[in-house]
Structure formats: structure tokens, C-alpha cells
Amino acid sequence: MALTDIDHQPGISFSLNGKPVRVDGPPSERLSYALRERAGTRDVKVGCDAGDCGACTILIDGNPVCACTTALGQVDGAVIETQAGLFAADPIAKDLAASFQRHQAAQCGICTPGMMVSAVALLRDRSKPDQAAVEDALGGVLCRCTGYRKIIDAVMDCGGTTANPVGGVGTPMARVDGLPKVSGTERFADDVAAEGTLVLRLVRCPHHRAGFELGDLDAYKLRTGLDLILTVADVPGDNRFGVIPGFEDQPIFADGETRFKGEAVAAVVGSADIVNALDLTEFPVTYTPLPHALLPKDAAGIGDMHKGRDGNVMCRGFVKRGDASAALQSAAVVAEGSFSTGFIEHGYIEPEAAVARRVGDRIEVQCCTQAPVMNQDGIAILMGLPKESVRIIPTAVGGGFGSKLDLTAQPYVALAAWVLNKPVRVTYSRIESISTSTKRHPSEITMRIGADADGTIVGAEFDGIFNTGAYASWGPTVANRVPIHASGPYKTPNYLARSAGIHTNTAPSGAFRGFGVPQSALAQEPLYDDLADALGIDRLEFRRRNALRNGDPTVTGQVFETGMGIVECFDVLEPHWKRALADAATANAKGGTVRRGVGIAGGWYGCGNTSLSNPSTIRAGITLDGHVVLHQGAMDIGQGANTVIAQIFATALGVPVDGIDIVGPDTDVTPDAGKTSASRQTFVTGNAARLCGEAMRARILRLANVSGDAEISVGDGAIRVRDDGGERLFPLDTLTPDNATYVLESVESYDPPTLPLDENGQGVPYAVFGTTAQIAELEVDLELGTVKLLKITAAHDVGKAINPLLVEGQVQGGVAQGIGLALMEEFLPGRTENLHDYLIPTVGDVPPIETLIVESGDEHGPYGAKGLGEHCLIPTAPAILNAIKHASGARVAHLPATPDRVRAAILAQTQSPSAKN
Amino acid sequence: MRFESPATVAEAVTLLNEATGTVYPMAGGTDLLVRLRSGFVEPDLIVDLKRIDALHMIVQEADGLRVGAAVPSAELNEHADALAGWPGVCEATGLIGSTQVQGRCTMVGNLCNASPAADSVPALVAAGAIARVVGPNGTRDVPVEEIPTAPGRTSLKKGEIIESVLLPTKPAHSGEAYLRFIPRTEMDIAVVGVGISLTLDDSGICTDARVGLGAVAATVLLVEDAAKALIGTKVDDAALDALAAACSAAASPINDKRGTIEFRVEIAGTLARRAAKIALARAQQN
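- The name an unreviewed UniProt entry assigns to chain B is Xanthine dehydrogenase family protein subunit M, from the organism Pacificispira spongiicola.

Things to note about the overall build of chain B
Thought 1: Per the secondary structure count, chain B includes 11 helices and 14 strands.
Thought 2: What you see for chain B is a C-alpha radius of gyration of 19 Å, in line with the 19 Å of a compact globule of 286 residues.
Thought 3: Along the first, second and third principal axes, the C-alpha atoms of chain B reach 55 × 45 × 35 Å.
Thought 4: Out of the 286 residues in chain B, the part that is buried amounts to 56%.
Thought 5: Here the contacts in chain B between residues at least 6 apart in sequence split such that 60% fall between residues at least 24 apart.
Thought 6: When the accessible surface of chain B is summed, it comes to about 10,500 Å², and 52% of that surface belongs to carbon and sulfur atoms.
Thought 7: In chain B, 25 side chains carry a positive charge and 34 a negative one; their mean positions are 4 Å apart.

Some remarks on the side chain of A:Arg543
Thought 1: One can find A:Arg543 in helix H16 (residues 539-546).
Thought 2: What A:Arg543 contacts, discounting residues up to four positions off in sequence, is A:Tyr490, A:Glu525, A:Tyr528, A:Asp529, A:Phe570, A:Ile600, A:Ala601, A:Gly602 and A:Asn882.

Focus: the domain arrangement of chain B
Residues and elements named next belong to chain B.
Thought 1: Under the domain assignment, chain B is made up of domain 1 (2-49 + 56-168) and domain 2 (174-285).
Thought 2: Between the C-alpha centres of domain 1 and domain 2 the distance comes to 24 Å.
Thought 3: At the boundary of domain 1 with domain 2, the tally comes to 3 salt bridges.
Thought 4: Scanning the region where domain 1 abuts domain 2 turns up 10 residue pairs in polar contact (both at pLDDT 80 or more).
Thought 5: Of all the secondary-structure elements, those providing two or more residues to the side of domain 1 that touches domain 2 are helix H5 (87-93), helix H8 (120-127) and strand S8 (148-150).
Thought 6: By residue number, the principal contributor to the side of domain 1 that touches domain 2 is H8, which donates 6 residues.
Thought 7: Across the side of domain 1 that touches domain 2, the residue classes tally to 16 nonpolar, 7 polar and 3 charged.

Digging into helix H15 (residues 517-535) of chain A
All names here are of chain A.
Thought 1: If you check H15, its first and last C-alpha atoms are 26 Å apart, about what 19 residues at 1.5 Å a residue would give, namely 27 Å.
Thought 2: By the criterion of burial, H15 is predominantly enclosed, with 16 of the 19 residues buried.
Thought 3: A positive phi of about 70 degrees marks glycine 536, the residue just after H15.

A short note on the sheet that holds strand S2 (residues 23-26) of chain B
Residue and element names in this part refer to chain B.
Thought 1: Taken in spatial order, the 3 strands line up as S1-S3-S2 in an open sheet, and their pairing is parallel. The sheet is open, and its two edges are formed by strand S1 (2-4) and S2, each paired on a single side. Ignoring strand direction, the axes of neighbouring strands in this sheet form an average angle of 15 degrees.
Thought 2: Sheet analysis places S1 next to strand S3 (residues 45-48), joined by 3 bridges and oriented parallel. Among the inter-strand pairings, phenylalanine 3 is bridged to a residue of S3, identified as isoleucine 46.
Thought 3: Strands S1, S2 and S3 of the sheet are contacted by helix H1 (residues 9-18), whose axis makes an angle of about 170 degrees with S3.

Some thoughts on helix H22 (residues 899-911) of chain A
Thought 1: If you check H22(A), its first and last C-alpha atoms are 18 Å apart, about what 13 residues at 1.5 Å a residue would give, namely 18 Å.
Thought 2: By the burial criterion, the buried members of H22(A) are A:Pro899, A:Asp900, A:Val902, A:Arg903, A:Ala905, A:Ile906 and A:Gln909.
Thought 3: Buried residues in H22(A) make contact with strand S31 (769-781), strand S32 (786-797) and helix H21 (876-888) of chain A together with strand S11 (174-181) and helix H11 (261-285) of chain B.

Notes on the state of the cysteines
Thought 1: A complete count under the given rule lists 0 disulfides over all chains for this structure.
Thought 2: The thiol of A:Cys68 is not disulfide-bonded; the next cysteine sulfur, from A:Cys56, is found 3.8 Å away.
Thought 3: The buried category is assigned to A:Cys68, whose relative accessible area is 1%.
Thought 4: With no disulfide partner, B:Cys112 has as its closest neighbouring cysteine sulfur the one in B:Cys105, 13 Å distant.
Thought 5: For B:Cys112, a relative accessible area of 27% translates into the label partly exposed.

Rules behind the numbers
- Residues numbered from 1 in each chain as written.
- Chains lettered and ligands numbered in written order.
- Predicted model: local features only at pLDDT ≥ 70, side-chain atom pairs only at ≥ 80, totals over all residues.
- Heavy atoms only, no water.
- Helix = DSSP H or I, 4+ residues; strand = E, 2+ residues; numbered from the N terminus.
- Rg over C-alpha atoms; globule rule 2.2 N^0.38 Å.
- Buried < 20%, exposed > 50% of the residue type's maximum accessible area, 1.4 Å probe, protein only.
- Contact = heavy atoms within 4.5 Å.
- Areas by Shrake-Rupley, 256 points an atom, 1.4 Å probe, with all protein chains shown as cover.
- Lys, Arg positive; Asp, Glu negative; His and termini not counted.
- Charge placed at Lys NZ, Arg CZ, Asp CG, Glu CD.
- Domains from an automatic or database assignment.
- Salt bridge = Lys/Arg side-chain N within 4 Å of Asp/Glu carboxyl O.
- Polar contact = N/O pair within 3.5 Å; in protein donor to acceptor, adjacent residues only side chain to side chain.
- Nonpolar A, V, L, I, M, F, W, Y, C, P; charged D, E, K, R; others polar.
- Expected span 1.5 Å × (residues − 1).
- Pairing = 2+ DSSP bridges.
- Axes fitted to C-alpha atoms, helices over the stretch in contact; angles between N-to-C directions.
- Disulfide = S-S within 2.5 Å.

This is how it looks when you write it as C-alpha cells:
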């Protein structure tokens, strides 16, 4: 269907945010597209184009509806309101925006328009809705960051007046970058292209693996009116990219053979109306399907996909300490089992998007990314340009969780804009996003853990196979990281862990919150329950007894003399654990088909790269007119780096945080703060910010020749320094400027101290581990196999909470993703490529979450802070599985624990009582 | 592709009847637009029914409540008479998509989309709803269970649309309920959907029952054996066991990621038992 064939009818007229507009577009066009691209209201977000995510929710005649499933032709004469219009005109929306800020209900902000518009409709109807009404109103809007609870709180507190404090380290202040998100002015990657920008779409292989031949591209280009077709022949540089040195194996265009369903073979570029209307199944390419493997067990039989990776084994990981085999033989009790998890999709509501323009001999790319400098490096190699010729200007990022580390959409538009010398944009459809972006590695794990009669762990053996998909991406990281973490945060003197990443013909598995550690915890933590039960020891007590303490060696022989906080996590959970067990016993005493269960699990995660340098640099300056400017390059993908890094810097410099101007990531003006991954930004970039602030403070104190306790203030063209001896004023125009931009400039870097691992995986892989333990309380309907979560209680040792409000946000969002991992999520190539077949938790799936912050400090972290992002979801899924077992007696070892699997496990349990444990 | 927004049913019928190629009437558009833009359908003509005032009515008639084809689910679910008389139908239409979808989608569109997993249809079947079909050859009334004939296919002939659905008034001591099973809390496609309507006599004996079963066969089923299991009983445990067995026996689902065949067959019975208990409690109060 070509839109150009449509009989154009007179434009559609309606009221848009109080103004009459007339939009000239095909009447069957999605209203979401017309509003964004024809009427300029880009606060209407598009997440799925299928009515599944609700990001495009607008009000039509006061009713909340998905603009993506409304036809433009159906709104003639209607009154339409969007988030930005409501914020500007409706006092309820203004109050709601303030409440969203207070509660940190917006993290990345991509779902915020849909959430706020839906909530405004509810709040117009009733000013004090109860929680059920809020959940009902928001049920159709998906959020992947927050875990929904703070959104519910914000809606229920609309009109409240409690103000957040503003301050440095330790202050639960609202995010410094929140206002654009709650007012409809935030601009994500699909929101920044100018009107009329050429559009790029990718031609993707429909087979899991295929050879292919391209047909007459020139004829196709002529017939369709395209500006450009790109294929592998047009890649000027080295047609491969990747994230781990030595594993750059993924082409941007397949070269003769595709290796997963959805891999790009060509790109088409042209005007929006032409490109969007193309039926790309008519593109001149002929595929010859080739033998393929979707599971690791079949991978050896299809021939090697990458030279030098025999049997499609990408790489292996290994950690050995003591003699695990002997220890298990002598153990009083051994628990063992096989466990598996599937592909997990990141499910950020903002699909991948980018726009590029050529500026002379340089290419500039605006995109949503977690790793601007890595993107810059990768594009330079693909395009055969020096790194300096590539500029990455990140937009706001509508969620990442690991998948926006890798290059996706960026190189295509960079190449097209370079060739055409015109701006070019691309936005992935939801189907493209799900089918081609990286995934959490599916795992097949067998594990044995032994304990002696008094409940002390004596040894463990772990074997994990990870499906790494067609290309390496972050697979080597997972293979290396898992053996270091598979013991959990417990003393395990005898230990053997092996991992392997196996190539198959699926989308690449890459980085996803936890890098394989959540999968290994799903083996280790259930087995800990089995051991505790076998020994008759309380499950929390069993874990606490074995938890690592300061001075204990980890499985790599690393010893932390301070900051190993897992015991404190169990300690703070203990009263909750006792209460929850008592509540469950009371509820279950009543009988019935609904049984209550309580589960607990611990977790740990080493912050930053594994035994590799991963520095961050922070730059800051004071301008002639007295502005403190912080060049903050840590990508804020919703987690709050903009706020946390600013708070750390403000504390180190000794100035108010709200007096700091932040210059965000831009590879031309902001130094490399590394990638936003591996829970490293607060720790690594935070340390760089601390060092930068301290360095600048030291210079000012030297200038004034005063002691370290002096108060500094900057403004009105001067620096003021006050101490016991009074105040001294330094007009900035009297100082010799460091450079043309700043009178005073400081640039500081931090790289966490690590040591390489030896051949047995012994060494110092991380400078910092964060630890956590969580309790899940739930009900299982024994007849239906359904699981209803009642509460998650999450204890997290964050060393020092730089911003407790943001800590809660991270925890709640991580828990929500852990819930999805446990109960519903599984990507099946070709089968679950949209958000109604790939299910992520909705507002109704996330129970109340209580966050217990433990602050054990840290030797290296800024003000003692550790990373947190990954840790939050590690214990959630195993705690849920352990609670399901507690409630029903049934162990679900193969995720997700969908009702049919839970029910089957219950039936298996009742049919063979000997199968207990 | 043409897009027409007629003002009357007669104009809509004429447009649909006279058009060549693939034609679709569109009410809320919540299914059609997705399929359209995914390239699954390429219509030559879309006839927008939302501009026809007559299709927006909910009218109490002598023998029941008549609901127009363009009435959004959200509106039906705020209608006091609908909520009081047909709680099962309202429960079912309230489960179509989300609040944001229900502002657009319609019960009749859900019926004509002919998905075996359509939420409103088992409840409509149980309620004995009658579709009023208007076409070039006049008007006919058709039991809703005869509308879907296969996934995505209906018994409507060229030029025909469903103008409205009549929810027949129930006798005293009647109750109905709809239950759906999904893996997630909300917004998902039914794994099993069961609508049950039953009527008791003064002594509490079930004198009439209808059971609609969705998502376990190519079309929504009217399960007569399930109704027979209830009629003549006090809807006691034995009757509920027989009801569950009949529903499981009637189910011939496919294996998919939302549930195995064995699971769906079993859940069809379990859910029917639970829906019947709710319907019974409602009947006892009416």
C-alpha cells in the first residue's frame, strides 16, 4: 500500500491543545504519526504502534485513548489534548507534574506523557482516587524503569505540598533534569529530526540464517523514487562492530550470509511518505535459507559461523578455588539441580532511533545511547574516519538497561547522511527493536552445592551454558563474570565454575542489567533453600551463617577488609522475614486453594569492568561571569546520573547543587565518562566528579590561602571564600583564565583498581561489590498456577546513598524487571516480537516494594558509595521462585514461571511425593 | 485506498456494497489500524462507522438493552442499566485492552474481529445476545455465536454490518459472569475465557443456562453440554464438576507460549466452575 496512491481528501480539522489546527494527511493514518510529524506535538511518544504500551495516550474529547490506534480521519472536530498542552493549561496537570517530580515518578521519562495524560483524565473525574482506580487508569501504560509504585504514589499525592530538600551527597532531592520529562518538552532520539528529514528503513532478512543475492537495486530505486539504497558494498570502513576488543564480529549489513532473523541486508533512504509506504517484501533480494541452530545444543552441527570459534563456542569462563569435587564428596548434604532461563528483551519503551547530518568532513549523530564514546569509536571504524571526525550528541534516552550500549541505528544514518550530504533519520519499529536488539543470555545451568551438618557451605560446582546468539556483543563479559559471581555473596571455600558462550542463529545476546549474574542466582539461591530445608535451618539464618564477612576471601581469593555488607542486608530483613512467615502461616491455616509463600534470596555484583581498566573523566569550570559548569558525560538513561554526579561534585566543591550548570554528554565538549553499564557510573564517574570538585576546591582554597573548612560561593562574576577570618572576594576578571572558556578549569579521571585474574580465575576482578537480599511474599492459586505478589522487601548495601530517593527508584525498577524475569518474560525469535506477545509487567503486576538502605561504606567509592543498578533485580526472581516453592511445594526450575508451568510443577509434586526437594 | 465517514447506516451499507476489492468497516479501529499498518491487510476502502449517530445509542427496548455498534467499551461500562443487568458482558468488555483502548474499541468490533480469544464474545454468547445485521437486502437478527465462523472470518455478507447487539432481558433469579485467564494481571490475550449465564426457579433449581467458552477453539463456543450439566441442579459441587468436565471436553486449544494444551483444557473447566459460582451468587440476589 503506497500512501502516495491515497486520494487526498481535505485536511482534518480539530482542536489541539486549545488551538484550532488543520492537518493534511491520509485519513487512515495513525493519529500518533500525524500529531508528531504533521502537527509537531512530539510530546506524544510512540512505543509500539499497537495499543500495547500507552505511551501515545492523549485525550480526545476528554477521554484517554491511544493515538496509535486512532485514525486521523476519525478526529475531525474533536478536542485533543497532549501532555505539553495539559501542562501549559490545566492546573491539575501542573500539580501532577510537581508530584511526579517529588516522587521521582519519571525516570527516563518516555512513558511519562502517557502516564500523566491518563492520570489527568482520572484526576479530572475525581481529585482523590484510591489506589485501585489509579492502577485501573494506568493499566494500559507500560513503564520499564520505575516499577510503577512511585507513579501510583505521585498520582495519589497530586496536589500535595511536601517539598523535596535540595542538597549534595545524602539528600533525597528531585532529579535535576526532571522538569522537561514532566512538562512534555523532553526530546528523545525520535523527537529531534527537523521536518522533512529524509527517512531510512532497513531491509531485514526473514530467515534465521540465509544466503542472499541482491537484485537490480538501481531499477528499484528509480521505480520507488528513493534517494539512496545502501548495502555492504557501501560501507567505507571495516564492516564490523562490537564492544569487546577482539570480538568485533557484527556487520552493519550482512555480507552474503545473514546469521539471525532480522539482520539487515540493505537500507532504503528517501522522503518520509515514500519510505514509510514501501512494502519492503518487494525489495529485490533473494534468500536461500541455510541450516540454522536456535539452541546451543544444536550449534555444533551447523558449521562455524565465525572463524576461529570452533563448534560455535565463542568463549569460556573459569574460576577454581580449592577442591570442589572432594568437598562435595565429604559434604553432609548436597543439593543439585538443573535450571534454565530464556531470552529476555530489555523492553525499553523508546525504540532505537538516530538522526545524522554531515558537517563538512565530520559526521554528527544524535541518538539514544548508553555509551557515546564507544559509539563514536565504532562509527569511525565502520566509516573509515578518524575518531575526531565523528561527533555523538546523545538525546534523552527512553530506557536502556544494557541494550543501548551497542551500536544499532546509528551507523546507518551516519553512512546515509555522509553519502547524501543531507540529514537522515531512522526509528526502529517495535518489531524491529525486539527482533534485532541484544537480549539477556538464555542460560542452561547445572549446579551442586554441599554443606556440612552444621550448615556451613563446603563447596560448589557450577556449569553454565549461555546462548550468545549470532554475534559476540557482551557475551565474553557474561562468560567471564558469571563464574566470579555464581557462588553468590557466600563463603565457598571449594569452588569450580565453568561457563561457555555458544553462538546460535538468534539476535545477539548482550548486556542486560546483571550480565548473567541474575541467571546464576536462579540456580544457586533455590539450592540454598534446598540445603536449609534439608538441614532444618531457617532459610534466612542459613544464608546469614554463610554470608561473606569482611576479611573472608571470595571465590577469586579477593578479600574485602571493609564494606562487605551482605550480613547487614540479612540482619535488616530479619524482622520482615519473621513477620512474613507468621502472616503466611496465619493465612494458610485457613486452607483453600490459594496458598501463601515467602521466599528470600541474596545477591552481589562487582561494579565496573571485570579486571579491566574503565576510567571516567569529569571536567568542570568556572566562567568569567561566575557560573559553575559541570561537563557530565555519564549517560543518564533514567537512573539519575545527572543528579547523582552533580550532587557528588557539589559536595566535593562545597557549593549548592542547584547553582551548578550541567553540560550533558556530547563527544565534542564533554570528556569520556565511559559507558552507563555494570553499575559503574555512581562509583567510577562519581569518583571522577569527587576528584574534580576536590581539585577545584583545592585551587580556590590555595588562591585564598585559607584552610580546608572555608566556605566557597561562586556567582556575580566573583568567587567568595569565607572562614573564621572573614570573607574574601576574588573577582573572576582579575584572575588569569585557564582557557577561553573557563577562568578556572579542572579535569580529573578515576579508574577503579583491579588486578588481572590468573589461569584459575584468582585475582581482584572488581574494586567494589554491592550486595543485596530480598524477600518476596506471594500467593499461589494452586488450581490455576497463578502467582500474585503481595510485597517485595529489598535490602541493599549501597555503601552510601548519594540520593536515597533515586536509590528507591533504582530498586523498585530493578525489582519490576526481576518480576518479569521470574513470571512472564521470554523472547522467542519470530514469535514474541511485539509488546502484546512479549509481556512485561504492568502496573498491576508490581506489588508494594519496601526498600531498606544499608550503608556499609566502601574503601573506594565516592563518599563510600557503591553501584546499584544491576544489583536490584538479582535476588528478585530467585526470591519469587523460593516463595512459590514455599507456598505450593513446587519447584519451578525453568523460567518463566508462567501459570501453566507452575500448575504442571504442582501436579508433578502431588503425583510423586518422593520428588520433594 | 479510500476512507469514507458516512452519516447514516444506509450510506455505510451502500458504500460497502458497491465498493470493489477489500473493504472494511471500522468502528474504534483499535484492531484494524494495527493490522493495516503491519501490512496484514490492505483495504481498498475503509468505512468509518463512528460518524453515524444512530450507532452511538444504548437504548432500553421492551425485550432488552440495545447497544449500538459505535459505542465504546468505556461508555458501555459506565451505563447503569448495562452494569446492573449484564455484569458478565460488562466484565468482558471491560477486559478488552486497556482504559486507553476502551475509549475507542467497541463490543461489536470485538465480535466482528472474530478472534477466538475475543473477550466480549463468550459473555455475549452466554447472555444470548442477538446481533442486528443490516445489509443491502434489509435487516436480520442473528445469534452472536453465529457471527464468527473462523479466526478473522464472519458470516456477514457483502455490504452487511452489525448495527447493534441486543442483550435480552433476563427472567427473575438470573445471573451472569465472565472470567478470563491470562498470565499477566491485565492487558493480555485470553488463554481461556468463560461466560456463564444461568436462571434459577424459586426453589433454587437451575432452569436455564448458557455457557460461552473462548480461546480454546477456532471460534468462541456455545457449550450446550456445559449448560445441561447445570440445568435441573442446585449448581452444587457435583453439577460444577460436571460443568467443568463438559468445558474441558469441549476445549480443543492449541499449544502456545501462553499455555500448553493440557493446561488450557484443565483451566477451561476450573474457570467455568468459578464463573458459575459467581453467576449463581448473582442469580440468588436477583
